[in-house]
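Examination of the molecular architecture
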Amino acid sequence: MPLRLACQAMGTRFELVLTGQHEDQLRAVGELALEEIQIAHRRWNAFASDSVVAHLARCAGGPEVKVDPETFELLHLCVEVAKKSHGFFNPLLGPLLRQLGLRDDRPEETTTPLTTLIDVKGISLDPDSSSVGLARPGMELDLGGIAKGAALDLAARVLIEEGVTCALMHGGTSTALALDPPPGRDAWQVVIGTGEHAPQALLANTALSVSAAHSRHGSPIESSSETGQEQQGHDPTEHHSRDHHSHILDPHQACGTRHLLAAAVVGPSAAACDAWSTALVAGCRPTHVPASHSLLTQPSPDSWLLSPGRPNCFRIEPCIPATPPPTAAPF
Amino acid sequence: MHPSNPSPDRRTILMAGAGGAATQILPDFLAARPHLGAELRVGLVGVGRQGRAMLAELGKFDEVTLLAYCDTDERRLRSASRRARGAQGYATQESMLAAHPDLDALLIATPTHLHREPCKEGLAAKKHIYCESPLAHTLADCRAITGAASSAGKVFQTGYQGRANPVYALARSFVRSGAIRDVVSLAAQSNQKNSWRTPSSDPAREKALNWRLDPEVSLGLPGELGAQQFDVLHWFTSKYPVRVEASGAVLAWRDGRQVSDTVHAKLTYKDGSQLDWSATLGNTYNGTQELLMGTMGTVRLAWTHGWLFKESDAPTQGWEVYANRQQFHNDEGITLIADATKLASQGKLKKGVGLPHPGLYYGLESFFQSIAKGSKVVCSAEEGLRATAIAIKVQAALATGRPQNIDESDLTSK
């Protein structure tokens, strides 16, 4: 019987499904993994005053701030994906979200242009001192999904260190991370969306992230499941988009994206998968995503496209041959 | 007003809020980096849960270098190696000290019943010591530690974090300046949902790793959760209970354990006032917080946050016009903001709601300041002994089912 544990963090619900022989031991390890997620929440939650990212925002325009190794690694990943995605992934969109009315808190009074506040070049990283700086007052990190992914990566590390090898975890059902599959199965089957022909991701020691362009309340990424199958769906507790805006922004157009309906990415790191799925929906070309990642994109409501030349971790029926999406990115 | 605790500068807040000169200097507690003025080399003894938390906070201090750490558990040593870059891991404190005689300070994060020897060994080696709370699991061990600390001539700080917490310091200044007038009731709770089990794939290590569930050595919830809160309330009121009663049971985790997972205690003071304290491992509602209720108001403390709720007949102060407020059902709380004057002068009062670091950070920072600048230790071994002694008495009341009287002599190091 699998053991399920859950906690609230980062404005959503994290859940762990663990299998093993000794429930007390499994629970103890699972609680340690949940602790790791809570620690990640305290560090990376932009809405909590005692988080590291809130502290970085307060210190923006001042000297660099020394941070813990995991925060440094996460911000390094953010900058790396931002560069490789040609800016379609951007961890500095807080001011833009506010301008579009997608965040309730009042904007910082600043005369700095918005384009400067969301310019990733304004993030400085000093690996020697493990320090991070934001160049101008008013800049702030809004890590969103990538923080959820990073929390899952850290939780997985705890499980592995403590000898739990068979597990599936998700954060808000939009990002999942699998260790070994349940006994007798080749993979954890994760259904993406709803409907008879909803695609499935097959996960074994890999992570999955699904990003959708439209309002979470209309998300197609839901499904039913049974043991060994988990759901990808909208999370009603998350901050969601309003009106006509996509909840994922195209940083180049400073508005909600219209490039893809959804994108699913499978790869070794949940944080990286989350960053890349966000970038794809925002407008990043699939060719910019590292070749080790498996990609599935949804350009229109009835079609899912597999990116060729990559490992295939998805099952789609009927199989649709890959063709360039009709609204390709400008690069 | 307590002579050593001046009232917050309300006039300054009022003036600043009315348009005082703005400055871009952030308050000290929001500063990017603490400045110690000295390079410190530290070693960490024990890298379990609390040790890991310390590792995360140590990384924030520019002038503090973690040179080494030790733990008897190999798996924990491996885990620590990736969190403590550049530091060396050792299986024993002895080998760590032998390899690093240049360490300035030791942080003791071993299980509570294993504090005595690391503290004594560290003090004998002339190291400054930060010892996690509670100080020890018996009064005899507490006294052995305080004795060693008093004769070593080094900085010794017990890890009761409330005393270093900027929000708590501000709240205390309000309480001691009469903001809530006469304290009529105290309450505290520590609620979490956690089995308190530590993973152990090796049966031989099970007992050692799950020491919190071992009734022979564990102070249970009163010691591991309550002691921090008892200390806060003693610090605020300068009162120590004279009698404690406690009851508890295993209600959430019926796995054969003997240590209660849910506890209620009543601590009675000489003037007849009482502290109602409860803790559970089966529910998270309202988490960890302390309440001081007075005839003119209530102070509610939640570690990174604090609020003042005024009675309707309490006098109104001019600065309240500019205060940040938060609604809790029928009650409106004034948010307690450390360094509010500076923030108000910059129009950034809301930026100060909540602390930018967890309580542990401030405990460590004050310890390092004491070493580097000679500032007064926020919680000495003797103070640590007093809060720990109360926790020991509560646990004794819980274990025996009988009320325990507390005598002055129970709270002294002799």
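Please read all numbers here as calculations on a predicted model, not as lab measurements.

Cut-offs and rules
For every chain, the first residue of the written sequence is number 1, and numbering continues from 1 along that sequence. A letter from A marks each chain and a number from 1 marks each ligand, given out in the order of writing. Totals for whole chains, interfaces and linings use every residue, but because this is a predicted model, local features are given only for residues with pLDDT of at least 70 and side-chain atom pairs only at 80 or more, for both listing and counting. Here the side-chain values reflect all heavy atoms present in the structure, with hydrogen atoms and water set aside. Helix and strand definitions here come from DSSP, where helices need a minimum of 4 consecutive H or I residues and strands a minimum of 2 consecutive E residues; each element is numbered from the N-terminal end. Throughout, a contact is declared for two residues whenever any of their heavy atoms are within 4.5 Å. The Shrake-Rupley method, run with a 1.4 Å probe sphere, supplies the accessible areas, and residue values consider only the shown protein chains as cover. We call a set of buried Ala, Val, Leu, Ile, Met, Phe, Trp, Tyr and Cys residues a nonpolar core when their side-chain atoms join them within 4.5 Å. Note on exposure labels: buried denotes an accessible area under 20% of the residue type's maximum, exposed denotes more than 50%, and partly exposed covers the range between, all computed with a 1.4 Å probe on protein chains only. Segmentation of the chain into domains, including their bounds, is taken from an automatic or database domain assignment. Residue-level confidence of the predictor, termed pLDDT, takes values from 0 up to 100. Should DSSP find at least two bridges between two strands, the strands are regarded as paired. Whenever a helix is involved, its axis is fitted only over the stretch in contact; in every case the axis is a line through C-alpha atoms, and angles between N-to-C directions fall within 0 to 180 degrees. Buried area is a sum: the accessible area each of two parts loses on coming together, probed at 1.4 Å, counted once for each and added. When a carboxyl oxygen of Asp or Glu is within 4 Å of a side-chain nitrogen of Lys or Arg, the pair counts as a salt bridge. Classes in brief: Ala, Val, Leu, Ile, Met, Phe, Trp, Tyr, Cys and Pro nonpolar; Asp, Glu, Lys and Arg charged; the others, Gly included, polar. Between rings of Phe, Tyr and Trp, where Trp is taken as its six-membered ring, a pair exists when centres lie within 6.5 Å; planes separated by under 30 degrees are stacked, by over 60 edge-to-face, and by other angles tilted. Whether a charge sits over a ring comes down to the Lys NZ or Arg CZ being within 6 Å of the ring centre and within 35 degrees of the ring normal.

Take the overall build of chain B next. If you tally the helices and strands in chain B, you get 12 helices and 16 strands. In chain B, once contacts between residues fewer than 6 apart in sequence are set aside, the share between residues at least 24 apart is 70%. As displayed, chain B has an accessible area near 16,900 Å², and 50% of this comes from carbon and sulfur atoms.

All names here are of chain B. Grouped together as the largest cluster of nonpolar side chains are 82 residues, with contacts concentrated most on Trp277 and Phe368. The dominant element in this core, judged by the number of residues it contributes, is helix H9 (residues 220-237), at eight residues. Composition of this core by domain shows at least three residues from each of domain 1 (25-162) and domain 2 (165-357 + 381-411). Aside from chain neighbours lying at most four places away, what touches Trp277 is Ala188, Gln189, Leu221, Pro222, Leu225, Gly226, Gln229, Phe230, Val263, His264, Ala265 and Leu267.

Turning to the confidence of the model for chain A, a few remarks are in order. Residues and elements named next belong to chain A. Taken over all residues, the pLDDT of chain A has a mean of 82, while the share at 70 or more is 82%. The least confident element of chain A, judged by mean pLDDT, is strand S11 (residues 229-232) at 42; the most confident is strand S7 (residues 175-178) at 97. Taken together, the stretch residues 319-331 has pLDDT below 50 and engages in 23 contacts with residues farther than four places along the chain or on a different chain.

This next bit is on the sheet that holds strand S5 (residues 131-134) of chain A. Residue and element names in this part refer to chain A. Read across the open sheet, the three strands follow the order S3-S5-S4; overall the sheet is antiparallel. Looking at which strands have only one partner, the edges of the open sheet turn out to be strand S3 (65-66) and strand S4 (123-126). Pairing of S3 with S5 involves two bridges; the strand directions are antiparallel. Its bridge partner lying in S5, Lys66 is registered against Ser131. Running over the sheet, helix H3 (residues 69-84) touches S4 and S5 and is turned about 130° from S4.

With that settled, the discussion passes to the pairing of strand S14 (residues 325-328) of chain B. Residue and element names in this part refer to chain B. Note that S14 and strand S15 (residues 331-335) share four bridges and pair antiparallel. For Gln326, the partnering residue across the bridge sits in S15 and is Gly333. Once S14 ends, the chain turns through two residues before running back antiparallel as S15, passing His329 with a positive phi of about 50°.

This part covers the confidence of the model for chain B. Residues at a pLDDT of 70 or more form 89% of chain B, whose mean pLDDT is 89. Long-range and interchain partners of residues 1-27 of chain B, a stretch whose pLDDT sits below 50, account for 46 contacts in this model, where long-range means more than four residues apart.

Attention shifts here to the sheet that holds strand S2 (residues 12-18) of chain A. Residue and element names in this part refer to chain A. Ordered by their spatial adjacency, eight strands build an open sheet running S1-S2-S6-S7-S10-S14-S15-S16, and the pairing between neighbours is antiparallel. In this open sheet, the two edge strands, each paired with only one partner strand, are strand S1 (3-9) and strand S16 (303-306). Within this sheet the neighbouring strands show an average axis-to-axis angle of 15°, counted without direction. Direction of pairing for strand S6 (residues 167-171) relative to S7: antiparallel, over a ladder of four bridges. In the sheet register, Gly171 faces S7, and the bridge partner there is Thr175.

Before going further, it helps to spend a moment on the side chain of Asp410 of chain B. Relative to the elements of secondary structure, Asp410 of chain B occurs in the segment after strand S16 (404-405). Discounting chain neighbours no more than four positions away, the residues touching Asp410 of chain B are Leu139, Arg143, Leu385, Ala389, Lys393 and Asn405 of chain B.

Residue pairs three or four apart in sequence face the same way in an α-helix, which turns once every 3.6 residues. Most of helix H2 (residues 49-58) of chain B sits inside the fold, with seven of its 10 residues counted as buried. Looking at H2 of chain B, one finds that the buried residues are Gly51, Arg52, Met54, Leu55, Ala56, Glu57 and Leu58 of chain B.

Between chain A and chain B, the contact holds 31 residues from the first and 37 residues from the second. Across the interface of chain A and chain B, roughly 2,900 Å² is buried in total on both sides, 45% from carbon and sulfur atoms. By the criterion of area lost to chain B, the three top residues of chain A are Arg58, Lys66 and Glu161 of chain A, representing 22% of everything that side buries. In this structure, Arg75 of chain B and Glu162 of chain A form a salt bridge, with 3.2 Å as the shortest nitrogen-oxygen distance. Of all the secondary-structure elements, those providing two or more residues to the side of chain A that touches chain B are helix H1 (23-44), helix H2 (52-58), S3, H3 and helix H6 (144-161) of chain A. Looking at the side of chain A that touches chain B element by element, the count peaks at 10 residues for H1 of chain A. Its residues assigned to classes, the side of chain A that touches chain B comprises eight nonpolar, six polar and 17 charged.

For any pair of aromatic rings, the description consists of the separation of the ring centres together with the inter-plane angle of the planes. Residues and elements named next belong to chain B. A complete count under the given rule lists 11 aromatic pairs over all chains for this structure. Aromatic pair Trp307 and Phe328: ring centres 5.1 Å apart, planes at 80°, arrangement edge-to-face. One end of the pair, Trp307, is in strand S13 (residues 306-310); the other, Phe328, is in strand S14, with 21 residues separating them in the sequence. An angle of 65° between the planes, with centres 5.6 Å apart, marks the rings of Phe309 and Phe328 as edge-to-face. Remark: Phe328 occurs in strand S14 and Phe309 occurs in strand S13; sequence separation between them is 19 residues. The positively charged end of Lys239 is found above the aromatic ring belonging to Tyr269, 5.1 Å away from the centroid. The ring of Phe328 carries the charged tip of Arg300 above its face, separated from the ring centre by 4.7 Å.

What follows is about the environment of Ile146 of chain A. Residue and element names in this part refer to chain A. One can find Ile146 in helix H6. Take Ile146: its relative accessible area is 2%, and that puts it in the buried class. Spatially, the C-alpha atoms of Ile146 and Ser209 are 9.5 Å apart, while their sequence positions differ by 63 residues.

Before going further, it helps to spend a moment on the pattern of salt bridges. In this structure the tally under the stated criterion is 30 salt bridges over all chains. One salt bridge in this structure joins Lys60 of chain B and Glu57 of chain B, with 2.8 Å as the shortest N-O distance. Its salt-bridge partner being Glu206 of chain B, residue Arg197 of chain B comes within 3.6 Å of it at the nearest N-O pair. For Glu206 of chain B, a relative accessible area of 27% gives the class partly exposed. Salt bridges sharing common partners tie together Arg43, Asp68, Glu70, Arg157 and Glu161 of chain A together with Arg82 of chain B.

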